[in-house]
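# Report on the structure
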Amino acid sequence: MSPKIQNKIFDYVVALIVLIAVFVCLVPFLYIFSESLSSNRAIISQAVTVYPIDFNIEAYKVVFGDAGMLYSLFYTAVLTLAFVLVSMTVTILASYPLTKKRLKGRNAILLLMLVTMYFTGGLIPDYMLVKNLGLLNTPFALVLPGMMSVYYMIIMKSFFQNLPESLEEAAYLDGCNDLQILFKIVLPLSKPALATISLLYAVFRWNYFQDALFYITKQNLYTIQLKLYNVINITQQLPGENANVNLPSEALKAASIVFGTVPILLVYPWLQKYFVSGIMIGAVKG
Amino acid sequence: MKVKALRSICVFLAVLIIVLSLSGCQNKGSNSTTGTTKAHRTLSVEVFDRGKPGQPDLNNNFWTKYINDNFGKQFNATVNFVAVPRAQEIDKLNVLMAANQAPDIAFTYNQGIVYNYVQQGGLAELDSDLKQYGSTLTKYLGDDVLKYGKFNGKQYAVPGKRTVLATNNTFIRKDWLDKLGLPLPTTADEFYNDMVAFKEKNPGNVTGIIPYGYALNATWPGIGTIFEAFKPSNLTEEQYATLQQSNNWNLPKYEQAVQYVNKMYNAGLISPNFATDKDGKMLDADISNGKVGAFITNWDGPYRTAPGDYANLKKNVPGAEIVPCDPWANDAVKHPKQGYSPNGMFIIIPKTSKNTDLAIQYLNWMSDSKNTLFLQNGQEGVDYNMVDGIPKQTGTTNSGDKMMTVANNLDYDLLSNGIELGDQQKNSIAISAGYPGYETDVENALKISLTDYYEPYYYSIPNSADAKYNAALTSLSTQMLAKLITAKPSDVDSLYKKLVSQYMTQGGQAVYDEYVKNYKTQNNK
């Protein structure tokens, strides 16, 4: 066999393997999606696999007919956007100065931040803090406590460190001050990192619900994930209850999951370009 | 340079601490508001959020309006509902209690948690308020129910009343029995023979027949009511109180019951994957697909709308018929079944509440049969019609502003767990009315499930060793059952002894000892 044909075969084999891997990743999504369009009988009988059986859209009618779900989706989107803006601002403003040798005591500051990665106050102290700050039952409780991840800040910092120092020096000589250097030189060069970290923050805020579970008791401040969590977790009889509980059907659960997952999935394709290059951030130390 | 920086950080932090602690002091001072009893008051009440899509605002709907329009006006109060996610209620309640943020009326089904709060001094003592404001309430509940809320001789919780005490039933495919000309089984041996006949003759002509469908539930591992057929009928009260506990491993003849299941397994009569079917979904599928001949589940399991096993089965296999049966006769030819104790949820009032009196007045108002009827059924002529003294729902409470997220509104009507019409017989009929299309089936299932019903032994002192070891012992029990049922029949005896002795050393003994101690204390022996 000529090397050319060998290469081709190799390419096809690789493509096939990747295709299988992609399919394996897709199956759970397909399964949930087809469940959401199937009848309860078919789901409980485990007849549903990757395509719907007894096709119907009743579950979606209920989900879309529920103003609370739509409201929650919109509210969570706004919340996520606000969270990303706040988080990115804080992360950038924390990581950039830490790359500068001029900053006195930067190692001590970094150390203080690192401590929070290994030790936390625990659930109840956190709750008391949020309560005493008057943040309970406000959207701020879902933004401020988690607004900076030290881990992402360090990734950001190592990205900044890899930028050639001479660029900044040149800007400095041309009369830029520190803020101008940051906004006009450093940030435009850091788009992949910014996009990646933003996405990571956004996915975190979109998917995380434990804080909402504890800090929020007003229903109009529930995030979509908390609503999903409630719907999905009432799976079977709970201790103490012995009644024909009016449980949501499996199809309804699946439809709620699709409803809550699709929006964040739609963000990926737009950011993919940055995301792929962003994955390499911090991989090679210069 | 580093030292300098560190020093300035330390100074900064010290200042921060002082400032923050001072502001903390200030906060406390401004927080105390005093109100006279005549002033308008706000009573906060917990409500379970079951996250049902389409559910109304839990603090502003038909039911909360009724409560505020009636109780609220009468007592010059606003009742505010605090939603607590159903699946995380204990975590959330713990946080709320720890932060002094718990609503005036909170509740849980978990006795251990209530006991913890009592031990830590977190709950208000209710004796005097109950005496002063709770006459209807105490009359409705009676001492038999109220005693469940007593700890160390004082009333710390108001237990709800459970109106359906049935737990389990054994169901069998009547159409298969009919085809084979067999009667309903009345003993364990007959049951076994029926299973063998199902396997050999395959009356339903299905592939992969499972004569006895079984799933090893990870939360409540056990073998259903089967052990009742082997348990000696002459246990003393003390034996019953101390041995039928902690996953039954100490119960006399429990080994024989496990052997019975093992024999079925080795004869290929049981769901082959029972040990991994922890949530019972596989079993539901097998029943729905008509593969299963018999199974033990909740007394009303197949008739429930979710997962809807019977309805699915009828669609998948036209002509299929499931009926409850009672095969687990003991040596006295009785069919004993342990049911629920007569109490429902524990309603508690935190010590920090300033509205203990109002909270008791609220519960007292709720125990009035007129209000119970409304909260459980809605408005007569609109949401239900009275037929022979039984409310028949019209279906208006399934959606929208009036949606009940749980049958009979248990989340608002805290005092009655299940329909309450003030009469057991009426209740039974009303219960069956809650399963449209299966009324007579359900009535029959309820009757069979309550045949020779007995109550779990009432302990006035919770078992602290059980609270400590419960999770570990439950998971151990699951493994033990899986091993014992799948073992070779000749090995069961030695394996049983080995595993149970392991169980005892890993906490089982401590739990047992405490039951013995508590039993003696309670009965002054």
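None of these values were measured; they are calculated from a predicted model.

Below, the discussion takes up the domain arrangement of chain A. Accessible area lost when the parts come together is the quantity often used to give the size of an interface. Residues and elements named next belong to chain A. Each assigned domain of chain A is listed with its residue range as follows: domain 1 (1-56) and domain 2 (67-278). The partner domain 2 presents seven residues to the eight residues of domain 1 that form the contact. Going through the elements one at a time, α1 (3-36) and α2 (40-44) are the ones with two or more residues in the side of domain 1 that touches domain 2. The element contributing the most residues to the side of domain 1 that touches domain 2 is α1, with four residues. Grouping the constituent residues of the side of domain 1 that touches domain 2 by class yields four nonpolar, three polar and one charged.

This next bit is on the interface of chain B and chain A. If you look at the interface, chain B gives 53 residues, while chain A gives 45 residues. Residue assignment for the side of chain B that touches chain A shows that the elements contributing at least two residues are α1 (2-31), β2 (77-85), α3 (89-98), α11 (281-288) and α12 (309-316) of chain B. When residues of the side of chain B that touches chain A are assigned to their parent elements, the largest contribution, five residues, is made by α1(B). Classifying every residue of the side of chain B that touches chain A by side-chain character gives 25 nonpolar, 16 polar and twelve charged.

Residue and element names in this part refer to chain B. We note that Asn202 has phi near 40°; this positive angle belongs to a residue other than glycine. Along the chain, the position of Asn202 falls in the loop between α8 (188-201) and β8 (210-213). Look at Asn202 and you get partly exposed, because 15 C-beta atoms sit within 10 Å. For Ser246, which is not glycine, the phi torsion reads 45° and is therefore positive. With respect to the helices and strands, the residue Ser246 is situated in the loop between α9 (237-243) and α10 (254-266). Using a count of 27 C-beta atoms within 10 Å as the deciding quantity, one classes Ser246 as buried.

Another point: the confidence of the model for chain A. Low pLDDT means the predicted coordinates in that region are not meant to be read closely. Averaged over all residues, the pLDDT of chain A is 86; the fraction at 70 or higher stands at 91%. Put simply, helix α13 (residues 250-278) of chain A is where chain A has its lowest mean pLDDT, 81, and helix α4 (residues 67-98) of chain A is where it has its highest, 93.

How each quantity is defined
Residues numbered from 1 in each chain as written. Chains lettered and ligands numbered in written order. Predicted model: local features only at pLDDT ≥ 70, side-chain atom pairs only at ≥ 80, totals over all residues. Domains from an automatic or database assignment. Contact = placed C-beta atoms within 7 Å. Helix = DSSP H or I, 4+ residues; strand = E, 2+ residues; numbered from the N terminus. Nonpolar A, V, L, I, M, F, W, Y, C, P; charged D, E, K, R; others polar. Buried ≥ 20, exposed ≤ 12 C-beta atoms within 10 Å, placed from the backbone. pLDDT = per-residue confidence, 0-100.

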